[in-house]
Amino acid sequence: MKISFLNQSFKDYIDKYRKIISQFSLSDYPFLRTLKDEQFIREIYLKVLKTATELANCTDALVIVGIGGSILLSRGILQGQNCNNVYFLGQGLDFDAFDKTLKMLKGKKLSLAFISKSGTTIECKLMFEYLKNFVEKENIVVISSKNSQIYKDADKDDISCFEIPESVGGRFSFFTPVGMFPLAYAKLDFLKFYNGFLQEIKSFENDIFNSNEFSYACARKELSNNFQVESVISFDYKIQSLLPCICQLLAESLGKENKGIYPSPCYFSEDLHSIGQFMQEGKKCFFETFITCAKDEKNNSKNFNFNDEINNIKSIYKKYNSIACNSSIKAHADGGNKIINIELDSLSEEECGRLIAFFILSVLLYAKLDGVNPLNQGGVENYKSNMKKFLNE
């Protein structure tokens, strides 16, 4: 992974931010101590893997009920892998949005996983209470805080339960049963993602001031003096699937005290044919962060068959996609847009894990620079409090 900048000089402002970050330490964040504990994480994973594998072998599909940080990253990864046996429900309060999925699931033998640290999120509770009437008890899993009422009730009822560690907040919880269980059910190798995550953290700790995270956080902080919006852009489907999670991490961690930058996901090349015009010639109220991939997979097959035809068209699409990416970056840069390019070495599970760590660490650095707490979300809690008041009236 490497980072580069167009239409801005990074060296002009590095020293003033270096002084602030000199007081930064990962030991100040208990959730990272938990996630870096390899023995602890691997022991939990073996237990989760056993349950998830058993359920995958005896049911047709898994329905995950969750919202926000509880599901965004796992949903993005499974979507990027074109997984077709895991479904997500409970992400809103308009039942019509779930009708198509529910009809699709009719007649299938289901597993059901409830994922919520507090266990009180109304969107999730409503859907879970509805769906558990159609799922056998032995096929239900609850992933929550051990102190939540739903965890306690499920445990008493002999429903399988996995704990979300108290030190780990929702949007940072992928490397707990929150992410372990969906990936294990879908037969994806969670440990490859985790290994990449650990590699990036170790690299960061070895040299913070020369890290990609430090460069990105400082660039964002400087750009925030003139821009309120960051367009987070990708041309690659697997990365595009992660953009909602990345934008949530940036927005919910840093958007407080009348500070922060609004992250807006853009899906190129499709969005080039809609909002692309504004981005090139409209008001310069934003900067752009591209997440690109340097390495293309190559087809080495020697025998001609139908799969070769598929591989050939995939190669053509990859070539055109790469050209479109380079062309749009150049066009936007020529138009004067400020651009950050985060270039991945590949689209592997390990590199995805590194990307997750990159954004988590960058968020912590930016929060230090901006003087905000990246771990709370007072605005979200206010909305939930208002919901409870109106429901009690």
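Here goes a summary of the coordinates provided. Since we're looking at a predicted model, the values are computed, not measured. Numbers given for residues are sequential positions, taken from 1 along each chain in its written order. The predicted origin of the model limits local features to residues at a pLDDT of at least 70 and limits the giving and counting of side-chain atom pairs to 80 or more, whereas totals for whole chains, interfaces and linings rest on all residues. As a rule here, side-chain values cover all heavy atoms of the structure and leave hydrogens and water aside.

1. Notes on empty space enclosed by the protein
Item 1. For cavity detection a 1 Å grid was placed over the protein atoms alone, and a set of points counts as a cavity when a 1.4 Å probe fits there but cannot get out; an open set counts as a pocket when protein lies on both sides within 12 Å along at least five of seven lines, with lining residues being those that have an atom within 4 Å of a point. Grid points are joined across faces, edges and corners, and a volume is the space filled by probe spheres set on the points. The final tally for this structure, using the stated rule, is one cavity of 30 Å³ or more.
Item 2. Computed from the structure, the largest cavity encloses a volume of approximately 170 Å³.
Item 3. In this structure, the largest cavity is lined by 18 residues; those nearest its centre are Leu 73, Arg 171, Cys 245, Leu 249 and Ile 356.
Item 4. Sorting the residues of the lining of the largest cavity by element identifies helix 4 (72-80), helix 12 (243-254) and helix 15 (349-370) as the ones contributing at least two each. Helical segments are the DSSP runs of H or I of at least four residues, strand segments are the runs of E of at least two, and each set is numbered from the N terminus.

2. Focus: the pattern of salt bridges
Item 1. Salt bridges are defined by distance alone: a side-chain nitrogen of Lys or Arg within 4 Å of a carboxyl oxygen of Asp or Glu. For the coordinates displayed, the defined rule picks out 15 salt bridges.
Item 2. A salt bridge links Glu 38 to Lys 202; its shortest N-O distance comes to 3.7 Å. Note that Glu 38 is positioned in helix 3 (residues 38-58) and Lys 202 in helix 9 (residues 190-206), a separation of 164 residues in sequence.
Item 3. The residue Glu 252 makes a salt bridge to Arg 171 at a minimum N-O spacing of 3.0 Å. With a gap of 81 residues between them, Glu 252 in helix 12 and Arg 171 in the loop between strand 6 (160-163) and helix 8 (177-185) connect regions that are remote in the sequence.

3. Overview of helix 12
Item 1. One less than the number of residues in a helix, times 1.5 Å, gives the span that helix is expected to have. Taking 1.5 Å per residue as the helical rise, helix 12 with its twelve residues ought to reach 16 Å, and the 16 Å between its terminal C-alpha atoms agrees with that figure.
Item 2. Residue exposure (1.4 Å probe, protein chains only): buried if accessible area is under 20% of the type maximum, exposed if over 50%, otherwise partly exposed. Among the twelve residues of helix 12, nine are classified as buried, and the element is accordingly described as predominantly covered.
Item 3. Along helix 12, the positions that sit buried rather than exposed are Leu 243, Cys 245, Ile 246, Cys 247, Gln 248, Leu 249, Leu 250, Ser 253 and Leu 254.

4. Notes on the sheet that holds strand 6
Item 1. Read from one edge to the other, the open sheet built from five strands follows the order 3-2-4-5-6, with strand pairing classed as parallel. For this open sheet the edge positions go to strand 3 (86-89) and strand 6, each flanked by a neighbour on one side alone. Strand-to-strand twist in this sheet, taken as the mean axis angle between neighbours without regard to direction, amounts to 20°.
Item 2. Any two strands with at least two DSSP bridges between them are considered paired. Summarising the sheet, strand 5 (residues 140-144) and strand 6 pair through four bridges and their orientation is parallel. Paired with Val 141 across the two strands is Ser 160, which belongs to strand 6. Note on method: axes are straight lines fitted to C-alpha atoms, helices fitted across the in-contact stretch only, with angles between N-to-C directions ranging 0 to 180 degrees.

5. As for the pairing of strand 4 (residues 110-115)
Item 1. Counting buried positions along strand 4 gives six out of six residues, so the element sits mostly inside the fold.
Item 2. Where strand 2 (residues 61-65) and strand 4 come together, five bridges link them in parallel fashion. Across the sheet, the residue bridging to Ile 64 is Ala 113, located in strand 4.
Item 3. Note that strand 4 and strand 5 share four bridges and pair parallel. Each bridged residue has a counterpart across the sheet, and for Phe 114 the counterpart in strand 5 is Val 142.
Item 4. With strands facing away from the observer, any crossover in which the path from the first strand over the helix to the second runs clockwise is taken as right-handed. Once the chain exits strand 4 it traverses helix 6 (residues 122-131) before rejoining the sheet at strand 5, and the crossover so formed is right-handed.

6. Here we look at the sheet that holds strand 8 (residues 262-267)
Strand pairing in a sheet is mediated by backbone hydrogen bonds. Such pairs are either parallel or antiparallel.
Item 1. Taken together, the five strands give an open sheet; going across it, the order is 1-10-9-7-8, and neighbouring strands pair in mixed fashion. The sheet is open, and its two edges are formed by strand 1 (2-6) and strand 8, each paired on a single side. Direction aside, the axes of adjacent strands within the sheet are offset by 20° on average.
Item 2. Pairing geometry for strand 7 (residues 229-234) and strand 8, over six bridges, is parallel. Bridging from a neighbouring strand, Val 232 pairs with Pro 265 of strand 8.
Item 3. Most of the contacts of helix 15 go to strand 10 (residues 339-344), to which it runs at about 145°, and overall it touches strand 1, strand 9 (286-293) and strand 10. Any two residues having at least one pair of non-hydrogen atoms within 4.5 Å are treated as being in contact.

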